Amino acid sequence: MKAAIDFGEMDAILTKYGHKANNIIPILQDTQAKYRYLPREAFSYLSEKLGISTAKIYSVATFYENFSLEPKGKYVIKVCDGTACHVRKSIPILERLRKELALSETKVTTDDLLFTVETVSCLGACGLAPVLTVNDKVYPAMTPDKTSELLAKLKEAN
Amino acid sequence: MSTEFMLIDNVPVEIAGEKNILAVIRKAGIELPTFCYYSELSVYGACRMCVVEDKWGDIHASCSTPPKAGMEIRTNTPRLRKYRKMILELFLSNHCRDCTTCEKNGKCKLQELAQRFGIKQVRFNNTSGEPDLDTSSLCIVRDRSKCILCGDCVRMCDEVQKVGAIDFAHRGSKMRVSPAFDEPIAKTNCVGCGQCAAVCPTGAIVVRDDTARLWHDISDRDAKVVVQIAPAVRVGIGKEFGLAEGENVMGRIVAALRRMGFDEVFDTSTGADLTVLEEAGEFLARLHKGEKLPLFTSCCPAWIQYAENNYPELMPNISTCRSPMQMFASVLKEHYRHSNRRVVVVAVMPCTAKKFEAARDEFREDGIPNVDYVITTQELVKMIRESGIVFSEVEPESVDMPFGAVSGAGVIFGVTGGVTEAVIRRLADDKSVSALRALAFTGVRGLKGVKEASIEYAGREVRIAIVSGLRNADNLIRQIKSGEKHYDFLEIMACPGGCIAGAGQPVTNEEGRKRRSAGLYDSDRMSSIKRSEENPVIMALYSGLLKGKVHNLLHVEYRRKA
Ligand code: SF4
Ligand code: SF4
Ligand code: SF4
Ligand code: FES
Ligand code: FES
């Protein structure tokens, strides 16, 4: 299921950052931007090209929560469960999403790699609670029903 | 330049180029506690055990503070004592504390410091987890639940060995030391050198223990159990039994092994003598043909694995000689081929990587390994203790016939530069004792990580490099590839200082390494046979058992793992 990486693309990223090991963070960010996660093959490729161990790259990749080692869906939906959103009923929204997409707390990405559903704590938009984001676009004052509509629209677009 | 001083607990101490106060304090004879400091590794400064107070009452980590003239430092104030106790309690609060069943019992730094600082109770809730074992490696066993995150293993594996099999992963309370993707260590590029275990202060990484199975075979009447003892072991074990560090106690080891029930006891130096002759022959042939040079030595299995992983294109340059252990093992299996008992070959080694070497497919016959057991010096210590033998009172005995003679050249294999010196002795045109002595001063001796030497052979210059530590080796290989350096012969050992400081040996320090090395050179000086080709046992082997079988029994072609 995991997409093999495109070495040409990886080389372009490496060139952009001068093949420097201390640029590992932006290199991983660009890699993630390309694949929406950090594919395993990228670790060994980067290790060889940058002269640092895969264990070291793994260390960096697991230190920052923004990096994902699992493939993510085309649409990454983040449901805010900060205090404000929680109080204004974010959980039913989350439950609706998981139910419609057959996901759970441990299985966060659909098999067709279309959707990933995650929770975050406080997106800094408490005035608009409850809030969710799809690929970083903010959807304010959500309800379970509005969420179902949004899902339907996204599915249709594909 | 005038001498600079600092005050340590009111005593003036000279500053002589030390990089940190910790080194000055230790020079002053104060054993400051540390978990994350090793002089040969970079400074990490995480454990905070090494704290000291300056005259203004500010607290500093001494391992990461440079000394300055006029500094006034206190190492033992009520505040510092309280601070250290608290750190220890914090470590202990998520630690299992099952010392009696821990492999590291009696040698653990955490245990030692808890005792030294009189920790009688831990004020925090115990949050330790269940044992979290990785037993995938033949060389080391990891239990992540015992890890205190000092990072010593990570820095050793990366900075000294350039393997980088393990690193910190995740963060906060989930932080742990782990290979990439949390894979078992055996699935990584780990070369099994065990140096991570040698620096781990706790039982989180230990040498694999194979003694239980071995005891079983020793007591099996249908098994004939023969054992070979590597050169470095004889100078690494004495101190564990109250004798001097570096003292050659080969005779006592032989006697102890006999009492434990081993049927025949031999010396791996016999195997080393074979290696010298084979390797010298191979080197000369390559020199004459001018091909496959430089020649790399092949005694160290961790180096072999490193080359396979990183420089497969260099494999043809690596000597086809089996290591002394494997050469001798094939000779032994051949010698006892018609024995009516099951022959079990045991090797006592200073090395954890040898456990992996013994299990390689290349060294099996009909699926059965030539070496059935590799036990490290550390395991031998345990076996001697378990059997109740009072080692310091054992009368020395000599090894068994027909392999009862070894040369000094074979014995010095255990220290970096030894293999090279032994091979040069074989090549030297002038075989007088004074000429041999002169060889010792060509630059081959000493514990430095990289040594260079050159000798005259048949009217040409032969350029030699001797390296220990895989990062040093890697640097040199890069320089060779870029054309910056040229050599004809390279000796490579994974462990800094060579096998005397192998991870299977009882852990020691710089001074201990020097003594062990001196111990081996002393035995060489005292031995009546200096050169391998003068060893009558070896000559008898070539005209007997080895006839027509040299290639099969003494050489190998490594088949790279898929
Ligand atoms: S055994 Fe050697 S190579 Fe393997 S993890 Fe330990 S230090 Fe690294
Ligand atoms: S495994 Fe040992 S050496 Fe490595 S970080 Fe843990 S306690 Fe330190
Ligand atoms: S240098 Fe010696 S002890 Fe260390 S890994 Fe190599 S053979 Fe083993
Ligand atoms: S709690 Fe959801 S945006 Fe602040
Ligand atoms: S030894 Fe100084 S902080 Fe660990």
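Quick caveat: nothing in here was measured; it's all calculated off a predicted structure. (Residues numbered from 1 in each chain as written. Chains lettered and ligands numbered in written order. Predicted model: local features only at pLDDT ≥ 70, side-chain atom pairs only at ≥ 80, totals over all residues. Heavy atoms only, no water.)

As for the domain arrangement of chain A
Here is step 1 of the chain: With domains assigned, chain A is organised as domain 1 (7-63) and domain 2 (75-156).
Here is step 2 of the chain: Each of domain 1 of chain A and domain 2 of chain A has a C-alpha centre, and these two points are 30 Å apart. (Domains from an automatic or database assignment.)

What to know about the environment of Glu-534 of chain B
Residues and elements named next belong to chain B.
Here is step 1 of the chain: Among the secondary structure elements, Glu-534 is positioned in the loop between α18 (510-526) and α19 (536-543).
Here is step 2 of the chain: Given a relative accessible area of 37%, Glu-534 falls into the partly exposed group.
Here is step 3 of the chain: Expressed as a C-alpha distance, the spacing of Glu-534 and Asp-273, which sit 261 residues apart in the sequence, is 9.5 Å.
Here is step 4 of the chain: Polar contacts involving the side chain of Glu-534 include one to the main-chain amide nitrogen of Lys-530, which spans 3.5 Å. (Helix = DSSP H or I, 4+ residues; strand = E, 2+ residues; numbered from the N terminus. Buried < 20%, exposed > 50% of the residue type's maximum accessible area, 1.4 Å probe, protein only. Polar contact = N/O pair within 3.5 Å; in protein donor to acceptor, adjacent residues only side chain to side chain.)

Observations regarding the sheet that holds strand β6 (residues 133-134) of chain B
Sheet strands pair by backbone hydrogen bonding; their relative direction is either parallel or antiparallel.
All names here are of chain B.
Here is step 1 of the chain: Strand order across the open sheet formed by three strands is β6-β7-β10, with antiparallel pairing between neighbours. Here the strands that pair on one side only, and so sit at the sheet edges, are β6 and β10 (205-207).
Here is step 2 of the chain: Here β6 pairs with strand β7 (residues 140-143) via two bridges, running antiparallel. Bridge pairing in β7 places Asp-134 opposite Arg-142. (Pairing = 2+ DSSP bridges.)

Description of the sheet that holds strand β3 (residues 51-54) of chain B
All names here are of chain B.
Here is step 1 of the chain: Ordered by their spatial adjacency, five strands build an open sheet running β2-β1-β5-β3-β4, and the pairing between neighbours is mixed. If you trace the sheet from one side to the other, it starts and ends with β2 (11-15) and β4 (59-61), each paired once. The average angle at which neighbouring strand axes cross in this sheet is 40°, direction not considered.
Here is step 2 of the chain: As defined by bridge partners, strand β1 (residues 4-8) adjoins β2 across five bridges and the pair is classed as antiparallel. In the sheet register, Phe-5 faces β2, and the bridge partner there is Glu-14.
Here is step 3 of the chain: Packed on one face of the sheet, helix α2 (residues 78-93) meets β3, β4 and β5 (72-74) and runs near 155° to β3. (Axes fitted to C-alpha atoms, helices over the stretch in contact; angles between N-to-C directions. Contact = heavy atoms within 4.5 Å.)

Structural notes on the packing of helix α2 (residues 24-35) of chain A against helix α3 (residues 40-50) of chain A
How two helices sit against one another is set out by the angle between their axes and by the gap between those axes.
All names here are of chain A.
Here is step 1 of the chain: For the pair α2 and α3, the least separation of the axes is 12 Å and the interaxial angle reads 145°. Relative to α3, α2 is oriented so that their crossing is right-handed. In this structure, α2 contributes Ile-24, Ile-27, Leu-28 and Thr-31 to the contact, and α3 contributes Ala-42, Leu-46 and Leu-50.
Here is step 2 of the chain: Residues that form the contact of α2 with α3 fall into these classes: six nonpolar, one polar and no charged. (Left-handed = near helix turned anticlockwise from the far one by under 90°. Nonpolar A, V, L, I, M, F, W, Y, C, P; charged D, E, K, R; others polar.)

Quick notes on the domain arrangement of chain B
All names here are of chain B.
Here is step 1 of the chain: According to the domain assignment, chain B consists of domain 1 (4-76), domain 2 (87-207) and domain 3 (212-554).
Here is step 2 of the chain: Placing the centre of domain 2 and that of domain 3 at their C-alpha centroids yields a distance of 30 Å.
Here is step 3 of the chain: Across the contact, 18 residues belong to domain 2 and 25 residues belong to domain 3.
Here is step 4 of the chain: By the criterion of area lost to domain 3, the three top residues of domain 2 are Lys-162, Val-191 and Val-207, representing 34% of everything that side buries.
Here is step 5 of the chain: Seen at the junction of domain 2 and domain 3, the total is three salt bridges.
Here is step 6 of the chain: Run the count over domain 2 and domain 3 and you get 14 residue pairs in polar contact (both at pLDDT 80 or more).
Here is step 7 of the chain: For the side of domain 2 that touches domain 3, the elements supplying multiple residues, two or more each, are α4 (152-160) and α5 (195-199).
Here is step 8 of the chain: Looking at the side of domain 2 that touches domain 3 element by element, the count peaks at three residues for α4.
Here is step 9 of the chain: Partitioning the side of domain 2 that touches domain 3 into residue classes produces nine nonpolar, five polar and four charged. (Buried area = accessible area lost by both parts, 1.4 Å probe. Salt bridge = Lys/Arg side-chain N within 4 Å of Asp/Glu carboxyl O.)

Structural notes on the site of ligand 1
Here is step 1 of the chain: The environment of ligand 1 is made up of Cys-157, Val-163, Ile-185, Cys-190, Val-191, Gly-192, Cys-193, Gly-194 and Cys-196 of chain B.
Here is step 2 of the chain: Residue classes in the shell around ligand 1 are distributed as seven nonpolar, two polar and no charged. (Near = heavy atom within 4 Å.)

A look at the site of ligand 2
Here is step 1 of the chain: Not every one of the 13 residues close to ligand 2 is listed here, only the nearest: Cys-147, Cys-150, Gly-151, Cys-153 and Cys-200 of chain B.
Here is step 2 of the chain: Partitioning the shell around ligand 2 into residue classes produces 10 nonpolar, two polar and one charged.

Brief notes about the interface of chain B and chain A
Here is step 1 of the chain: Taken together, the contacts link 15 residues of chain B with 11 residues of chain A.
Here is step 2 of the chain: A buried area of about 1200 Å², summed over both sides, lies between chain B and chain A, and 56% of it is on carbon and sulfur atoms.
Here is step 3 of the chain: At the boundary of chain B with chain A, the tally comes to three salt bridges.
Here is step 4 of the chain: The interface formed by chain B and chain A contains seven residue pairs in polar contact (both at pLDDT 80 or more).
Here is step 5 of the chain: Element by element, the count of residues in the side of chain B that touches chain A is highest for strand β8 (residues 167-169) of chain B, at three residues.
Here is step 6 of the chain: Looking at the side of chain B that touches chain A, its residues break down into eight nonpolar, three polar and four charged.

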